[in-house]
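Residue-level structural notes
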Amino acid sequence: QVQLVESGGGSVQPGGSLRLSCAASGSIFTFSAMGWHRQTPGKQRELVASIISGGDTNYATNYADSVKGRFTISRDNAKNTVYLQMNSLKPEDTAVYYCYLAQLTKDYWGQGTQVTVSS
């Protein structure tokens, strides 16, 4: 069993910052992708950022065009924890953010954490 525990969501004003954390526990393959998707009611879930890692090496990152230059994804491979640093937040960033872990045999999702950006 693999479990993903998310934290760091909340409410901020435009221009503010938040850092999301996602800790994975259980049977985790050496090579995997971790990252974040987000979803607003009535809209399709979209990829925000992802990072591919193997062992102690992070190979690649990917960002949605809408968050490039503002969000940064990182991963502590020893702790199986992924972080999403979100700066210069905009109202359109408001969504439920879902952590994911993609492995060869199965994908796992966190329960989601709400991020609200408003004045």
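Right above here is the structure, for reference.
A brief look at the structure comes next. (Residues numbered from 1 in each chain as written. Predicted model: local features only at pLDDT ≥ 70, side-chain atom pairs only at ≥ 80, totals over all residues. Heavy atoms only, no water.)

What about the sheet that holds strand β7 (residues 71-76)?
Adjacent strands of a sheet form backbone hydrogen bonds with each other and so pair up, either parallel or antiparallel. As a reminder, the rule being used: Two strands form a pair only when DSSP identifies at least two bridges running between them. Think of it this way: any DSSP run of H or I at least four residues long counts as a helix, any run of E at least two long counts as a strand, and we number them from the N terminus. Here the axes come from fitting lines to C-alpha atoms, over the contacting stretch only for helices, and the angles between their N-to-C directions go from 0 to 180 degrees.
Pairing in this open sheet of four strands is antiparallel, and the strands run β1-β3-β8-β7 from one edge to the other. A strand with exactly one partner marks an edge of an open sheet, and here the two such strands are β1 (2-7) and β7. Within this sheet the neighbouring strands show an average axis-to-axis angle of 15°, counted without direction.

Description of the state of the cysteines
Disulfide: a covalent bond connecting the sulfur atoms of a pair of cysteines. The condition that has to hold: Sulfur atoms of two cysteines make up a disulfide when they are within 2.5 Å. For each residue, the accessible area found with a 1.4 Å probe, counting protein chains only, is set against the maximum for its type, and the residue is called buried under 20%, exposed over 50%, and partly exposed in between.
As enumerated under the stated definition, the model contains one disulfide in all. Disulfide pairing places Cys22 opposite Cys99 at an S-S distance of 2.0 Å. Across the S-S bond linking Cys22 and Cys99, the dihedral sits near -85°, which makes this disulfide left-handed. With Cys22 in strand β3 (residues 18-26) and Cys99 in strand β9 (residues 95-102), this residue pair connects regions lying 77 residues apart in the sequence. Both residues of the pair, Cys22 and Cys99, belong to the buried class.

Focus: the pattern of salt bridges
Oppositely charged side chains may form a pair once their charged atoms are brought near each other. For clarity, the threshold we go by: The term salt bridge refers to a side-chain nitrogen of Lys or Arg lying within 4 Å of a carboxyl oxygen of Asp or Glu.
Across all of its chains, the model carries four salt bridges by this definition. Across the pair Arg38 and Glu46 runs a salt bridge, and its minimum N-O distance is 2.8 Å. Salt-bridge contacts for Lys68 lead to Asp65; the nearest nitrogen and oxygen are separated by 3.2 Å. Look at Asp65 and you get exposed, because its relative accessible area is 63%.

Some remarks on the packing of aromatic side chains
As a reminder, the rule being used: Planes of paired rings set the category: under 30 degrees apart is stacked, over 60 is edge-to-face and the rest tilted, where pairs are Phe, Tyr or Trp rings (Trp by its six-membered ring) whose centres lie within 6.5 Å. In our convention, an over-ring charge means Lys NZ or Arg CZ found within 6 Å of a ring centre and within 35 degrees of that ring's normal.
With the rule as written, the count across this model stands at two aromatic pairs. Both rings, one in Phe31 and one in Tyr59, keep their centres 6.0 Å apart while their planes meet at 40°; by these two values the pair is tilted. Highlighted residues: Phe31 in strand β4 (residues 31-39) and Tyr59 in strand β6 (residues 57-63), separated in sequence by 28 residues. On the accessibility criterion, Tyr59 (53% relative accessible area) is exposed. Measuring from ring centre to ring centre gives 5.6 Å for Tyr100 and Trp109, while their planes differ by 40°; the resulting arrangement is tilted. Take Tyr100: its relative accessible area is 10%, and that puts it in the buried class. Lying over the aromatic face of Tyr98, Arg45 brings its terminal NZ or CZ to 3.9 Å of the ring centre. Above the face of the Trp109 ring, Arg45 is positioned so that its terminal group lies 4.9 Å from the ring centre.

These values are about where atoms sit, not about what they do.
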